[in-house]
Amino acid sequence: MQLGMIGLGRMGANMVVRAMKAGHDCHVFDTHAEAVQGLIDKGAKGSTDLETFVNGLDKPRAVWMMVPAGAVDAVIAELVPLLEAGDIVIDGGNSYYHDDIRRAGELKDKGIHYVDVGVSGGVWGLERGYCMMIGGEDEVVARLDPIFKTLAPGVGEAPRTQGATGEASPAENGYLHCGPNGAGHYVKMVHNGIEYGIMAAYAEGLNILHHGNIGKTERTTDAETTPLRNPEYYQYDINLPEVAEVWRRGSVIGSWLLDLTASALRKSPDLANFEGRVSDSGEGRWTLLAAIDEGVPAPVISSALFSRFASRGNAEFADKLMSAMRFEFGGHLEKKD
Ligand SMILES: O=C(O)[C@H](O)[C@@H](O)[C@H](O)[C@H](O)COP(=O)(O)O
């Protein structure tokens, strides 16, 4: 089928390449001429002019936006006057699902359909395919099925779940119509909240192993006076790249995130290129807002999110206050390394 793509960053451009490989007719728009040209060279039709791009699409149009969440409203504002009733606008970024519900309502007044798609797979999607969580009207989502089927990894990506038989469902192919507008990004938001928790668990566990030799040099833990109990228990120089490697094979905690962890540790066991200031794009925060609204406990995800804040120095004042209180009540001085 035909697809228009707005936003040719790594995700958008790779999705177009994957769609074209399967024979879809792709039209692309970006303000960066080189990005457009790169895809024209690969067989797309493209323009750096939005109106030309929109007019080149067959009606009813399907326009997929792959732009940062913060830019979606501005793109829609420029795009909508060029569209007509019956056209479909797809947001494949990491939008907040509350925004999807609002946008779908605004576009509905004009007869334009909105579909929200949470896309997972990042820079590996071209090769592996993209896992997609979709929100929108049944008929509209069904119309886009050929595109979703192409972009998704396919049933061969994972062994079929025990008991699954017959023709593979969309979910088994790697895409799922989760519900009405907002449902796609709602599921993707929680997916990312889980991602925070898993990442933190690997990071914490491997950090414990990383300090497994503390008994060789230290008699106290860090700068504290607390004596290191039984230094003989902490005499291990654990080879972390090798541990990550062995866990990938047959262990209970194997995963794609572990594969990527093993790859990062193999490239640089001391992770010298990183300072450890961990960013967040909002999905973890939104997951917790939903958990609070629903009254559902989410201690792992909240701890993982707050660790990211701390990693960026946002705990510094609180930490100073705790030291100040220790000094006030007990005259305890901060220990210097
Ligand atoms: O599933 C994925 O492919 C990732 O989750 C992807 O969506 C992206 O890398 C995150 O947006 C990063 O999120 P943070 O910046 O919040 O870590």
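Above this note sits the structure.
On a predicted model such as this, the values are computed, not experimentally measured, just so you know.

Participant: Hey, could you run me through the packing of aromatic side chains in this one?
Facilitator: How two aromatic rings sit relative to each other is set out by the distance from centre to centre and by the angle between their planes. By the definition in use, this model includes eight aromatic pairs. Between the aromatic rings of W64 and F148, the centroid separation amounts to 6.1 Å while the plane-to-plane angle is 65 degrees, which identifies the pairing as edge-to-face. Here the residue W64 occupies a position in strand β4 (residues 62-65), and F148 occupies one in helix α8 (residues 145-151), the gap between them amounting to 84 residues. As far as burial versus exposure is concerned, W64 and F148 are alike and both buried. Ring geometry for F148 versus Y175: centroids 6.1 Å apart, planes at 35 degrees, classification tilted. Of this pair, F148 sits in helix α8 while Y175 is found in strand β8 (residues 175-179), placing the two residues 27 residues apart along the sequence. Taking relative accessible area as the criterion, F148 reaches 1% and is therefore assigned buried.

Participant: Looking at this model, I keep getting lost on the sheet that holds strand β2 (residues 25-29). Mind explaining?
Facilitator: Two pairing modes exist for strands in a sheet, parallel and antiparallel, and in both the strands are linked by backbone hydrogen bonds. Taking strand neighbours across the sheet as the criterion, the eight strands line up as β3-β2-β1-β4-β5-β6-β7-β8 in an open arrangement whose pairing is mixed. Each edge of the open sheet is held by one strand with a lone partner, namely β3 (45-47) and β8. Strand-to-strand twist in this sheet, taken as the mean axis angle between neighbours without regard to direction, amounts to 25 degrees. In this structure, strand β7 (residues 131-135) lies alongside β8, joined through four bridges in parallel fashion. Counted as the bridge partner of G135 is G179 from β8. Against the sheet, helix α2 (residues 33-41) engages β2 and β3, with an angle of about 165 degrees to β3. Along the sheet, helix α4 (residues 72-79) makes contact with β1 (2-6), β4, β5 (88-91) and β6 (113-120), crossing β4 at roughly 155 degrees.

Cut-offs and rules
Residues numbered from 1 in each chain as written. Predicted model: local features only at pLDDT ≥ 70, side-chain atom pairs only at ≥ 80, totals over all residues. Heavy atoms only, no water. Phe/Tyr/Trp six-rings, centres within 6.5 Å; stacked < 30°, edge-to-face > 60°. Helix = DSSP H or I, 4+ residues; strand = E, 2+ residues; numbered from the N terminus. Buried < 20%, exposed > 50% of the residue type's maximum accessible area, 1.4 Å probe, protein only. Pairing = 2+ DSSP bridges. Axes fitted to C-alpha atoms, helices over the stretch in contact; angles between N-to-C directions. Contact = heavy atoms within 4.5 Å.

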